[in-house]
Amino acid sequence: MALSMRAANKAGAAKAVRASRPARAAVVCKAQKAEFGRAAAAALAASTLLAGSANALTYDELQGLTYLQVKGTGIANTCPVIEKGSTNLKDLKAGAYKIEKFCMEPTSFTVKEESQFKGGESEFVRTKLMTRLTYTLDAMSGSFKVGGDGSVEFKEEDGIDYAPVTVQLPGGERVAFLFTVKQLDAKGTLDSFAGDFLVPSYRGSSFLDPKGRGGSTGYDNAVALPARADAEELLKENIKNTAALKGTAVFSVAKVDPVTGEIAGVFESIQPSDTDLGAKPPKDIKITGLWYGQLSK
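Residues numbered from 1 in each chain as written. Predicted model: local features only at pLDDT ≥ 70, side-chain atom pairs only at ≥ 80, totals over all residues. Heavy atoms only, no water.

**Student:** What am I meant to see in the side chain of Q294 here?
**Tutor:** Structurally, Q294 is set in strand β14 (residues 284-296). Of the residues examined, Q294 reaches a relative accessible area of 17% and is grouped as buried. A polar contact is formed between the side chain of Q294 and the side chain of Y292, at a distance of 2.9 Å. (Helix = DSSP H or I, 4+ residues; strand = E, 2+ residues; numbered from the N terminus. Buried < 20%, exposed > 50% of the residue type's maximum accessible area, 1.4 Å probe, protein only. Polar contact = N/O pair within 3.5 Å; in protein donor to acceptor, adjacent residues only side chain to side chain.)

Encoded structure:
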């Protein structure tokens, strides 16, 4: 009884903390249009506003919560926010920084689909998230250089930089992909810096399909069809491909705190989906959301 009362008190405290915090302040993204490889998509339109969240907590507030206060609330899937700081990006002094606790919190997943009308252009459609609240990337680190002219060079090096996600299209089709920014190399200005990153295979070479075929283990072909093993229509099914693909992301800084070294903004990335080990062509996934990091020299 005493244990249950203490747990209830802690859960109530967590709710009080979230209730006392204001919703995420709307931030303006000044990023301009950018090219995403073959897809010439508009990266982040000017004056893009991000809606708030009741779970907006600062880094110190997140560190002050216990396991029971976080459990089942969704807070673990959010990035910290900057309560103070400045929207004047010139307050961030030039220099070579190390960025730590880099966090990316998606707020939207869309998938590029062909138009239902003949001759229509392909467009990104809204999806339904099928994955639980475990898709935020966190604890990443890398180098962050700021030039005297406002230029930026950002390289991601380590951390929890991938998360498997599944979304469902309006027609019921489910699309799996590995949300990531592995080895991101971005350049530009504080208003808009973009670059490419690697997208590892959703499944590893040791994964076996329903017929026992794998990249580094398992059968070479479908056991029931040994005579047709070399048939052209079966090559993609028999020969597994785990090669990494490429994605592109664009970031914009919205707020900095020169005192604490905190920096935050918004991002948009376009990356390929799962290819079922090379058996099917990937779909383009557009992910938009918030990001946060801490700079130190």
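**Student:** What is the right way to read the sheet that holds strand β9 (residues 174-180) from this model?
**Tutor:** Note on sheets: strands pair through backbone hydrogen bonds, and any given pair is parallel or antiparallel. If you trace the 3 strands from one edge of the open sheet to the other, you get β5-β8-β9, paired in antiparallel fashion. Looking at strand neighbours, the two that pair on one side only are β5 (128-129) and β9, the edges of this open sheet. Where strand β8 (residues 162-168) lies against β9, 7 bridges are found, and the strand directions are antiparallel. Along β9, the bridge assignment pairs V165 with F177. (Pairing = 2+ DSSP bridges.)

**Student:** So what exactly am I meant to see when it comes to the pattern of salt bridges here?
**Tutor:** Oppositely charged side chains may form a pair once their charged atoms are brought near each other. In the structure shown here, the tally under the stated rule is 8 salt bridges. The salt bridge partner of R213 is D209, with a shortest N-O separation of 2.8 Å. Taking the relative accessible area as the measure of exposure, R213 reaches 6% and is therefore buried. By relative accessible area, D209 is classed as buried at 11%. Ionic contacts of the salt-bridge type, sharing partners, join the residues D209, R213, E237 and K240 into one network. (Salt bridge = Lys/Arg side-chain N within 4 Å of Asp/Glu carboxyl O.)

**Student:** Teacher, can you tell me more about the confidence of the model for the protein chain here?
**Tutor:** Note: predicted coordinates in regions of low pLDDT should not be interpreted at a detailed level. Of all residues in the protein chain, 81% have pLDDT values of 70 or greater, and the mean over the chain is 82. Here residues 1-8 scores under 50 on pLDDT; set against residues more than four positions off or in separate chains, the count is 1 contact. Counting interchain partners and residues more than four positions distant, the pLDDT-below-50 stretch residues 13-53 has 85 contacts. (pLDDT = per-residue confidence, 0-100. Contact = heavy atoms within 4.5 Å.)

**Student:** Hey, could you run me through the pairing of strand β6 (residues 137-146) in this one?
**Tutor:** Every other side chain in a regular strand lies on the same face of the sheet, so the side chains alternate between the two faces. Across the 10 residues of β6, 7 count as buried, placing the element largely inside the fold. Summarising the sheet, strand β3 (residues 95-113) and β6 pair through 7 bridges and their orientation is antiparallel. Across the sheet, Y97 pairs through a bridge with F144, a residue of β6.

**Student:** What exactly am I supposed to notice about the packing of aromatic side chains here?
**Tutor:** Any two aromatic rings considered together are summarised by their centre-to-centre distance and by the angle between their planes. Counting across every chain of the model gives 14 aromatic pairs. Ring centres of F102 and W291 lie 5.8 Å apart, and the angle between their planes is 70 degrees; on these two criteria the pair is classed as edge-to-face. Placement of the pair is F102 in strand β3 and W291 in strand β14, with a sequence separation of 189 residues. W291 shares its class with F102; the two are buried. Aromatic ring contacts, followed pair by pair, group F102, F144, F154, F179, F193, F251, F267 and W291 into a single cluster. Looking at R203, its charged tip hangs above the ring of F207, at a distance of 4.5 Å from the centre. (Phe/Tyr/Trp six-rings, centres within 6.5 Å; stacked < 30°, edge-to-face > 60°. Lys NZ or Arg CZ within 6 Å of the ring centre and 35° of its normal.)

**Student:** Is there a simple way to explain the state of the cysteines in this structure?
**Tutor:** Disulfides are covalent bonds that link the sulfur atoms of two cysteine residues. Evaluation of the coordinates by the stated rule reveals 1 disulfide. Each sulfur of the disulfide joining C79 and C103 lies 1.9 Å from the other. Residues C79 and C103 share a disulfide whose torsion about the S-S bond is about -85 degrees; that sign makes it left-handed. A residue pair is termed long-range when its members are at least 10 positions apart, and C79 in the loop between α3 (67-70) and β3 and C103 in strand β3 qualify at 24 residues. Each of the two residues, C79 as well as C103, counts as buried. (Disulfide = S-S within 2.5 Å.)

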